[in-house]
Amino acid sequence: MRYAVISDVHGNIEALQAVLEDIKNKKIENILFLGDAVGYGPDPEECVKTLFYSCQILLAGNHDWAVLDLTDIDYFNPHAKAAILWTKENLSEEALSMLRRFEISREVENKKIFLVHSTPKNPTEWNYLLTLWDAEINFHYFDNPICLIGHSHYPFIIERLPSGEMITHREKAKLDSSKRYIINVGSVGQPRDGDPRACYSVIDEWWVRFYRVEYDVKKTQKKMKAYGLPQSLIKRLQHGL
Ligand code: ZN
């Protein structure tokens, strides 16, 4: 078992291509995508198609569901909402039909790993799993040893010991079959942990770890500006916030 796990690409093709190149250099063939192909960024069409042909498993996120009219966008902040409306205008019927095939959750590796965009508890309510308390609740909503998520764009590994004690790791963790894990794989296209480089994860039998990849942030920003996407969304890319 060896997977590259990517999430939250958000229409950022420069970041996606840089990450796929890095994965290729590591000779990893299985790529899992945890949702949010579109929203925020300038190249939704290209991102959907690239993901569709590169990943073995494709999950949907809240932004993907928003452009498919499957979720209400009233709870999106004004900038995210503006980007969703722009994205809807800039996706072909072909890309939309690909997006409709993205799933809400999946199990892989003989049920060893559970995949979901937001939380195991309420996958389509798009809640955030941010604290150890959120994790404690959610550990009761899946049976698998490992759960991989995206959504908050904030990479972390929460390890739960048989005693119930939890430990957080920031860069990597050795996997132990007596423990359970909730892992946020980070965001490819819009990192929010203060590091502007694209983030993704690699998981094998023994380890899970995060990788950061530089990409041409300026090129992405230039396109966003040309398309009139919100200034705050353009700015945040260079700060990774
Ligand atoms: Zn996202």
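Here, every reference points to the structure presented above.
Per chain, residue numbering runs from 1 following the sequence as it is written. It should be noted that, the model being predicted, local features are given only for residues of pLDDT at least 70 and side-chain atom pairs only at 80 or more, the latter also being counted only at that level, while totals for whole chains, interfaces and linings use all residues. Hydrogen atoms and water are omitted, and side-chain values are computed over all heavy atoms in the structure.

### Focus on the sheet that holds strand β7 (residues 156–160)
- By the convention used here, strands pair only if DSSP detects at least 2 bridges between them. Helix and strand definitions here come from DSSP, where helices need a minimum of 4 consecutive H or I residues and strands a minimum of 2 consecutive E residues; each element is numbered from the N-terminal end. A sheet is described by the order of its strands in space; here six strands give the open sequence β4-β5-β6-β10-β7-β8, paired in mixed fashion. Strand pairing shows two members of the sheet lacking a second neighbour, β4 (105–108) and β8 (166–169), which therefore form its edges. Averaged over neighbouring strand pairs, the angle between their axes works out to 15° when direction is ignored.
- As paired elements, β7 and β8 share four bridges and run antiparallel to each other. Considered in β8, the bridge of Ile-158 is made with Thr-168. Whenever a helix is involved, its axis is fitted only over the stretch in contact; in every case the axis is a line through C-alpha atoms, and angles between N-to-C directions fall within 0 to 180 degrees.

### Describing the nonpolar core
- With 52 residues, the main nonpolar core has Ile-6, Ile-23, Phe-33, Leu-51 and Leu-99 as its most contacted residues.
- Per-element accounting of this core gives the leading share, seven residues, to helix α1 (residues 13–25).
- Every residue pair with non-hydrogen atoms within 4.5 Å of one another is taken to be in contact. Discounting residues that sit within four places of it in the chain, Phe-33 has contacts with Ile-6, Ser-7, Asp-8, Val-9, Leu-51, Cys-55, Ile-57, Leu-58, Leu-59 and Phe-102.
- Residues enter a nonpolar core if they are buried and are Ala, Val, Leu, Ile, Met, Phe, Trp, Tyr or Cys, with the set joined through side-chain atoms within 4.5 Å. Relative accessible area decides the class of each residue, using a 1.4 Å probe on protein chains only: under 20% of the type maximum gives buried, over 50% gives exposed, and in between gives partly exposed. Judged by nonpolar contacts, the second largest core, of 22 residues, contains Val-5, Ile-57, Cys-199 and Val-208.

### Section: the pairing of strand β6 (residues 146–149)
- Here β6 shows a buried face lined by Ile-146 and Leu-148 and a second buried face lined by Cys-147 and Ile-149.
- As paired strands, strand β5 (residues 113–116) and β6 are joined by three bridges and run parallel to one another. Directly across from Ile-113, in β6, lies its bridge partner Ile-146.
- Handedness of the crossover joining β5 and β6 through helix α6 (residues 132–138) is recorded here as right-handed.
- Where β6 lies against strand β10 (residues 180–184), four bridges are found, and the strand directions are parallel. Its bridge partner being in β10, Ile-149 is matched across the sheet by Asn-184. A crossover gets the label right-handed when its path from the first strand over the helix to the second runs clockwise, viewed with the strands pointing away from the viewer.

### Re unusual backbone geometry
- Although it is not a glycine, Tyr-40 sits at a positive phi angle of roughly 80°.
- By the secondary structure assignment, Tyr-40 is in the loop between β2 (30–33) and α2 (44–54).
- In this structure, His-151 takes a positive phi of about 80° despite not being glycine.
- You can see His-151 is positioned in the loop between β6 and β7.

### Describing the sheet that holds strand β12 (residues 207–213)
- Strand order in this open sheet of six strands is β3-β2-β1-β11-β12-β9, and the pairing throughout is mixed. On the outer flanks of this sheet lie β3 (57–58) and β9 (172–174), each paired with one strand and no other.

### Thoughts on helix α8 (residues 231–239)
- Taken as a whole, α8 has its buried residues at Leu-233, Ile-234 and Leu-237. The buried residues of α8 all sit within an arc of 105° when viewed along its axis, so they share a single face.
- Residues of α8 that are buried make contact with α4 (78–89) and α7 (217–226).
- Gly-240 occupies a position one or two residues after α8 and carries a positive phi of about 65°. The directions from the helix axis to the C-beta atoms form the arc being described.

### Describing the state of the cysteines
- By convention in this document, the label disulfide applies to cysteine sulfur atom pairs within 2.5 Å. Counted under the stated rule, the structure contains zero disulfides.
- Free of any disulfide, Cys-47 has its nearest neighbouring cysteine sulfur in Cys-55, separated by 11 Å.
- Accessibility expressed as a relative area gives 0% for Cys-47, which makes it buried.
- In this structure Cys-147 is a free cysteine whose sulfur lies 16 Å from that of Cys-199, the closest cysteine sulfur available.
- Note on Cys-147: relative accessible area 0%, which makes it buried.

### Describing the coordination of the zinc ion
- Donors, by definition, are the N, O and S atoms found within 2.8 Å of a metal, the threshold being 3.2 Å for Na, K and Ca, and water is not counted, so a site can look incomplete. Of the protein atoms, only Asp-8 (OD), His-10 (NE2), Asp-36 (OD) and His-153 (NE2) coordinate the zinc ion, at distances of 2.0 to 2.5 Å.
- Site shape is set this way: if four donors have all angles between 85 and 135 degrees, tetrahedral; if opposite donors are over 155 degrees apart and all others between 65 and 115, square planar for four donors and octahedral for six; otherwise irregular. For the zinc ion, the four donor atoms in the first shell make angles of 89 to 178° at the metal, a pattern classed as irregular.
- One chain supplies every donor for the zinc ion, spaced along it as D-x1-H-x25-D-x116-H. One end of the pair, Asp-36, is in the loop between β2 and α2; the other, His-153, is in the loop between β6 and β7, and 117 residues separate them in sequence.
- A residue is classified by how much of its surface remains accessible, and His-153, at 2% relative accessible area, is buried.

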